[in-house]
Amino acid sequence: MSDKFDSDAKTLNRFVMASTHDHDLVILMNAIATSCKLITSAVQRAGVAKLYGLAGEVNSTGDDQKKLDVLSNDMMINALVNSGVCCVLVSEENEEPIVVPSGKSGKFCVAFDPLDGSSNIDCNVSVGTIFSVYEKKPGSNGTVDDLLRSGGSCLCAGYVAYSSAVEMVFTFKGGDVHGFCLDSTIGEFVHTREKMVFPQDGGKTIYSANEGNSTHWDAPIQEAIQVFKDGAKPYSARYVGSMVADIHRTILYGGIYLYPADKKSPKGKLRLLYEGIPMAMIIEQAGGIASTGMFQGKIQNVIDLVPDEIHAKCPIIMGGKRDVQIVFDQYKKAGVDVPTL
């Protein structure tokens, strides 16, 4: 047989079945994968299909919706509703939760950002999809309360990066982090990255933050950024503005990603259910640290936060131990109790 063809491709469905033996979870991940393939096609054809620009609406958090936001959202909702295994959906693009009709209802609750970083789409910069999966509580018919839980109840979390390659990265609760690349020749996500972990030595010295907000940050965050800049070998600054792209680089190369609370946004800017919790679960299970920084009077773990509504927000400081420790050291100097890493 030619070495150009794999007669034993380790596809996403095969991996999920071998890992969980849960047929419903295989169906769910297949539905997510299908919607991401559709989004891939839309993103790649955005210019030709005239999908650039605004749709003339705003989403649940007041951001202007792009045409691709709306299309991607519809693709995910249609795939998940018709999978037969979901009961409640929460999307960044919908102010209210979507309750699946009883005839199509199943056991899973899914929160997702269908097109993260879509403000970048018109200039052809990487975008992504983020999702978290919960199972409805025993005796529940599927309500929002099944999703308003900490990341400790999250069964599965993942993201998809749309760029020079299309990669899905996800993890099951308590498991390793794995990566799958979309092979366009067979239309399947194929297992390409096994047991993804942060570089043991901390990796590249990179910090990623929107420094346009720096005047609004608290003093320890400002001082930590200055430490990154002032060392014998200053850190490199890398900020894409698409969370998926910035987190993906941080896991693979090392470094730290910060979107802290500030005077303008004391609760943070990123959404907990479909940005904070899923990314925290992936980061921690890849050997990194996912902290809130100073939030509600203390430093907390993102994974422990309990959302009080479906679009609740949180601040984020995520990265390897080496670099998160630098941030914690500045808080310690300011008299704040910090966790031991």
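Described in the following lines is the structure provided in the data block. (Residues numbered from 1 in each chain as written. Predicted model: local features only at pLDDT ≥ 70, side-chain atom pairs only at ≥ 80, totals over all residues. Heavy atoms only, no water.)

**Points about the layout of surface pockets**
Its boundaries defined by the atoms lining it, the second largest pocket holds a volume of some 250 Å³. What lines the second largest pocket is S126, A161, S163, S164, A165, E167, A245, H248, R249, L252 and Y253. At five residues, helix α5 (residues 243-253) tops the list of elements feeding residues into the lining of the second largest pocket. Residue classes in the lining of the second largest pocket are distributed as five nonpolar, four polar and two charged. (1 Å grid on protein atoms, 1.4 Å probe; cavity = no way out; pocket = protein on both sides within 12 Å on 5 of 7 lines; lining within 4 Å. Points joined across faces, edges and corners; volume = space filled by probe spheres on them. Helix = DSSP H or I, 4+ residues; strand = E, 2+ residues; numbered from the N terminus. Nonpolar A, V, L, I, M, F, W, Y, C, P; charged D, E, K, R; others polar.)

**Here's the deal with the sheet that holds strand β7 (residues 156-162)**
One open sheet accounts for eight strands, arranged β4-β3-β5-β6-β7-β8-β9-β10; its pairing is mixed. Edge positions in the open sheet fall to β4 (98-99) and β10 (188-193), since each of these has one partner strand only. Lying over the sheet, helix α1 (residues 12-20) contacts β8 (166-172), β9 (177-183) and β10, oriented at roughly 5° with respect to β8. Set on the sheet, helix α6 (residues 272-285) makes contact with β3 (86-91), β5 (105-116), β6 (127-135), β7, β8 and β9; between it and β6 the angle comes to about 85°. (Pairing = 2+ DSSP bridges. Contact = heavy atoms within 4.5 Å. Axes fitted to C-alpha atoms, helices over the stretch in contact; angles between N-to-C directions.)

**Side note on empty space enclosed by the protein**
Sizing a probe to match a water molecule and rolling it over the atoms shows the empty space that remains. Scanning the model with the defined rule gives one cavity of 30 Å³ or more in all. In this structure, the largest cavity spans a volume of roughly 30 Å³. Lining of the largest cavity is provided by N210, N213, W217, L258, Y259 and P260.

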